[in-house]
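What follows is each chain in one-letter form.
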Amino acid sequence: MNLGLVLTGGGARAAYQVGVLRAIAEISQSKETPFNVISGVSAGAINAAYLMSRADQFQIATRGLWDLWTGLHSERVYRTDPASIASLGSKWLTTVGMGGLFSQKRANHLLSTEPLRELLGNELALEKIPEFIKNKTLRGVAFSATNYLTGTAITFFDGDASIANWVRSTRIGVRTNVTLDHVMASSAIPVFFPPARIEGALYGDGCIRLTSPVSPAIHLGADRILCIGIRYFRSEEQTVELNRTLKRDDLSIAEIGGVLLNAVFLDSLETDIERLERINRTLSLMTEEQKSKMASPLKSIPVMALRPSQDLGQLAQGTLKEFPGLIRFLLRGVGAKEDKGWDLVSYLAFEKAYTQQLAELGYTDTIRKKESVLEFLFGDPSRVQTELTR
């Protein structure tokens, strides 16, 4: 059985995944990673890369991820010193205010992620992946990024020789030796973080264009898939009530930015899981003869989604004061306050006051469902209550 793990992202919100993974390690007691197919996108690519680097040490890997995220500071992710902010700010002023008249290289990001690259360079050991593939600890690994020049979602993968490249209308899979460049590209939040250069092309966050985030794991051969999302699931009644009662006269750039980032990071996984569940239900109603006549053969792939029991954006309220002074000043300039703009803030809140909350929530959410999680991962997935995937 090939067990797949899909980690999507959303900046600092990916700390939730760390808690889920540590709980899975605790309840499964697996020495090696139980997931031999691992696919990461956006900040989920960082967590995926860490697991891939230590595929033979699942317990150690999940504890290391926990320590990394719960001890995080913004300065370890992006530069917050006045000189760096001033340099980028002046470039934006020249590009936008002066029509680029005096700038040969136009501004395309707000924050420098040199600290993140240094941090990951020290923490990751992606050069071990080929050996893990060779000895069958891993079947396939993937990072997805968005090609800014073509608008295509590119999944960079490595794995078993039987895995072929794939091409769809808006996404393709390309075999390569995955590197830190691919992780940086996948996790480059649009506008905030700089594009990453890979073989002459410029790439950004994979969530921008990857509308089918479960698909890489399927192409890599996963027979069942665990997805760790970051979107709090609201009931139909909650959604209706929220839209009926929430009224206001003003709207800040921070709030608009938060909605846009939510659209990029939160919606695709939900839609893709619904599509996969619908295919599974349809296949369950077909005979083997009917399946054999399909032009494109399909197979049923059980899927479980673990999601936060609380709104991760709302948990960011009150974290603005934890940001470095200059970043706090700039965020307030676009309308982020302690009670407003927290969705936008949550994606950049790489501060332990926030990430520790998320990691602990992921841990407790998963421990609460441990019997169902174990049944899905190692038992009969059809016995798992379907509400866990809704």
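Remember, it's a predicted structure, so these values are computed and weren't measured experimentally. (Residues numbered from 1 in each chain as written. Predicted model: local features only at pLDDT ≥ 70, side-chain atom pairs only at ≥ 80, totals over all residues. Heavy atoms only, no water.)

Novice: Teacher, can you tell me more about the pattern of salt bridges here?
Specialist: Working definition: two side chains of opposite charge can pair if their charged atoms are close together. Tallied over the entire structure, the rule returns 13 salt bridges. A salt bridge links arginine 79 to glutamate 114; the shortest N-O distance between them is 3.4 Å. Here arginine 79, found in the loop between helix H3 (58-70) and helix H4 (82-97), pairs with glutamate 114, found in helix H5 (residues 114-123); they are 35 residues apart in sequence, far enough to count as distant. Here the residues in one salt-bridge network are Arg79, Asp81 and Glu114, joined through shared partners. (Salt bridge = Lys/Arg side-chain N within 4 Å of Asp/Glu carboxyl O. Helix = DSSP H or I, 4+ residues; strand = E, 2+ residues; numbered from the N terminus.)

Novice: Before we go on, may I ask you to explain the packing of aromatic side chains in this structure?
Specialist: Both the distance between ring centres and the angle between the ring planes are used here to describe each pair of aromatic rings. In total, this model carries eight aromatic pairs according to the counting rule given. Ring geometry for tryptophan 69 and phenylalanine 350: centres 6.3 Å apart, planes at 35°, overall tilted. With a gap of 281 residues between them, tryptophan 69 in helix H3 and phenylalanine 350 in the loop between helix H14 (342-348) and helix H15 (352-368) connect regions that are remote in the sequence. The exposure classification of tryptophan 69 matches that of phenylalanine 350, with both residues buried. Taken together, the ring pairs connect Trp69, Tyr78, Phe193 and Phe350 into an aromatic cluster. It is arginine 54 that lies over the ring of tyrosine 50; its NZ or CZ is 3.9 Å from the centre. (Phe/Tyr/Trp six-rings, centres within 6.5 Å; stacked < 30°, edge-to-face > 60°. Buried < 20%, exposed > 50% of the residue type's maximum accessible area, 1.4 Å probe, protein only. Lys NZ or Arg CZ within 6 Å of the ring centre and 35° of its normal.)

Novice: Even after reading the chapter, I still don't get the packing of helix H1 (residues 15-28) against helix H16 (residues 370-378), so can you show me in this structure?
Specialist: Helix packing geometry: the angle between the two helix axes and the distance between the axes. It is at 11 Å that the axes of H1 and H16 come closest, and there the two elements cross at 80°. As far as their axial angle goes, H16 and H1 are roughly perpendicular. Facing H1, whose interface residues are Ile24, Ile27 and Ser28, H16 presents Lys370, Val373, Leu374, Leu377 and Phe378. Its residues assigned to classes, the contact of H1 with H16 shows six nonpolar, one polar and one charged. (Axes fitted to C-alpha atoms, helices over the stretch in contact; angles between N-to-C directions. Parallel < 35°, antiparallel > 145°, perpendicular 65-115°, else oblique. Contact = heavy atoms within 4.5 Å. Nonpolar A, V, L, I, M, F, W, Y, C, P; charged D, E, K, R; others polar.)

Novice: Could you clarify how one ought to interpret unusual backbone geometry in this entry?
Specialist: A negative phi angle is the norm for most residues apart from glycine, just as the trans form is the norm for most peptide bonds. The phi torsion at lysine 136 lies on the positive side, around 75°, for a residue other than glycine. Summarising the element assignment, lysine 136 is placed in the loop between helix H6 (129-134) and strand S3 (140-147). Of note, valine 191 is a non-glycine position whose phi angle comes to about 75°, a positive value. As for its placement among the helices and strands, valine 191 is situated in the loop between helix H7 (180-186) and strand S7 (196-198).

Novice: Just checking my understanding: could you explain the pairing of strand S1 (residues 3-7) for this structure?
Specialist: Within S1, five of the five residues are buried, leaving the element largely enclosed by the surrounding structure. Residues Leu3, Leu5 and Leu7 of S1 are buried on one face, and the alternating residues Gly4 and Val6, pointing to the opposite face, are buried as well. Pairing between S1 and strand S9 (residues 224-228): five bridges, direction parallel. When the sheet's bridge partners are listed, glycine 4 is paired in S9 with isoleucine 225. Judged from the four bridges that link them, S1 and strand S2 (residues 37-41) form a sheet pairing that is parallel. Residue pairing in the sheet places leucine 5 in a bridge with isoleucine 38 of S2. Remark: the S1/H1/S2 crossover connection has right-handed handedness. (Pairing = 2+ DSSP bridges. Right-handed = clockwise from strand over helix to strand, strands pointing away.)

Novice: Any chance you could explain the pairing of strand S6 (residues 171-175) here in plain terms?
Specialist: Working note: regular strand, side chains alternate between the two faces of the sheet. As paired elements, strand S4 (residues 152-159) and S6 share five bridges and run parallel to each other. Bridging from a neighbouring strand, threonine 155 pairs with glycine 173 of S6. Here strand S5 (residues 166-167) pairs with S6 via two bridges, running antiparallel. From the neighbouring strand, tryptophan 166 faces S6, where its bridge partner is glycine 173. Hairpin geometry of S5 and S6 is characterised by an intervening segment of three residues between the two adjacent antiparallel strands.

Novice: I tried to follow the environment of glutamate 75 on my own but got confused; where do I start?
Specialist: Looking at the element boundaries, glutamate 75 is found in the loop between H3 and H4. Exposure remark for glutamate 75: the relative accessible area of 42% places this residue in the partly exposed category. Each C-alpha atom, one on glutamate 75 and one on aspartate 181, is 20 Å from the other, the two residues being 106 residues apart in sequence. When residues no more than four places from it in sequence are discounted, the contact partners of glutamate 75 are Thr80, Pro115, Pro324 and Glu351.

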